[in-house]
Amino acid sequence: MRYLILSDIHANWEALNAVLDHAKGSYDEILNCGDIVGYGPDPNLVVDWCRTQTSKIVRGNHDKACATLEHLEWFNPVAAQSARWTHANLTPQNLEYLVALPTGPIIVEELELSHGSPEDEDEYLVYPDEIGAAAAHLGHRVAFFGHTHVQGCYIIHRGMAKRLMMDTVDLEPDCTYMINPGSVGQPRDRNPRAAYALYDSSRRFVEMRRVEYAIPATQAKIIQAGLPEVLAQRLTLGR
Ligand code: ZN
């Protein structure tokens, strides 16, 4: 099966569409590591799309916060403001969908999908030692995760993780891999292009990709919606 792996779309409709155009013809099913809403100006367009097009999805911390408005005291003021705006603007049907999203990890074929770490959906896996430690909790050799908005493919050997710097990786049968496809809608690795990954499970082949999208269009919508300006500015910077 050929999978398109998406994470952290964050209600960015222009970025999502650029990714779908760019990936056209190279996948059979779509998997999603969560945070489909929050920050961005198009929560309903993105949730409507996810409801019909995504095969398997786990919830992210922003999906949970926007759906329930619980524990916003743990969010910074900008994230909390965007969560309240998103909650107020979502249709009842889309709110219901967000509330019902499953907590990861979920298993698809032989791979695991989670938002943060396999142990905790809110945990950020940034450094190789954190990723190596998290891999101990996996039941499978291949796992996809999101949450940090930083794209990267890591190979784990004896509890140590090493980032592979190439864009395409042939997965070795006896090794464990943890792969962050990066963020579609709000990249934070100083590369403003939308990030995603492709995974072919029969060829055991991963490809990390980036694509440009109409950032000014998304920024204009953010301002128009009355969301914090910093959410527009950071898209240009990719951080
Ligand atoms: Zn996120």
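It should be noted that the structure appears before, not after, this text.
Residues numbered from 1 in each chain as written. Predicted model: local features only at pLDDT ≥ 70, side-chain atom pairs only at ≥ 80, totals over all residues. Heavy atoms only, no water.

So, helix H7 (residues 215-224)
Moving on, step 1. Among the residues making up H7, those that are buried are Ile215, Thr218, Gln219 and Ile222. Along the axis of H7, the buried positions cluster into a sector of 100 degrees, meaning they face one direction only. Looking at H7, the residues exposed on the side facing more than 90 degrees away from the buried face are Pro216 and Gln224.
Moving on, step 2. Taken together, the buried residues of H7 touch helix H1 (13-23) and helix H8 (229-237).
Moving on, step 3. Of the residues flanking the end of H7, it is glycine 226, one or two places downstream, whose phi is positive at about 80 degrees. (Buried < 20%, exposed > 50% of the residue type's maximum accessible area, 1.4 Å probe, protein only. Helix = DSSP H or I, 4+ residues; strand = E, 2+ residues; numbered from the N terminus. Arc of directions from axis to C-beta. Contact = heavy atoms within 4.5 Å.)

Examining the nonpolar core
Moving on, step 1. Among the nonpolar cores identified, the biggest contains 44 residues, and Leu4, Leu6, Ile9, Ile36 and Leu98 are the most heavily contacted of them.
Moving on, step 2. At six residues, the largest contribution of residues to this core is made by H1. (Core = buried A, V, L, I, M, F, W, Y, C linked by side-chain atoms within 4.5 Å.)

Observations concerning the coordination of the zinc ion
Moving on, step 1. Of the protein atoms, only Asp8 (OD), His10 (NE2), Asp35 (OD) and His149 (NE2) coordinate the zinc ion, at distances of 2.1 to 2.2 Å.
Moving on, step 2. One can describe the donor arrangement at the zinc ion as irregular, given that its four donor atoms subtend angles of 84 to 175 degrees at the metal.
Moving on, step 3. The sequence pattern formed by the donor residues of the zinc ion is D-x1-H-x24-D-x113-H. Here histidine 149 lies in the loop between strand E6 (142-144) and strand E7 (152-157) and histidine 10 lies in the loop between strand E1 (2-6) and H1, a separation of 139 residues in the sequence.
Moving on, step 4. Accessibility expressed as a relative area gives 1% for histidine 10, which makes it buried. (Donors = N, O, S within 2.8 Å, 3.2 Å for Na, K, Ca; no water. Tetrahedral: all angles 85-135°; square planar, octahedral: opposite > 155°, others 65-115°.)

Side note on the state of the cysteines
Moving on, step 1. In the structure shown here, the tally under the stated rule is zero disulfides.
Moving on, step 2. Cysteine 50 provides the cysteine sulfur closest to cysteine 33, a residue in no disulfide bond, and the two sulfurs are 12 Å apart.
Moving on, step 3. Overall, cysteine 50 belongs to the buried group, its relative accessible area being 0%. (Disulfide = S-S within 2.5 Å.)

Remarks on the sheet that holds strand E4 (residues 106-108)
Moving on, step 1. As summarised here, the arrangement of the six strands in space is E4-E5-E6-E10-E7-E8, forming an open sheet in which the pairing is mixed. The open sheet terminates on both sides in strands that have one partner only, identified here as E4 and strand E8 (160-164). For this sheet, the mean inter-axis angle between neighbouring strands, taken without regard to orientation, is 25 degrees.
Moving on, step 2. Sheet strands in contact with helix H6 (residues 128-135) are E7, E8 and strand E10 (176-180), and its direction is about 60 degrees off that of E7. (Pairing = 2+ DSSP bridges. Axes fitted to C-alpha atoms, helices over the stretch in contact; angles between N-to-C directions.)

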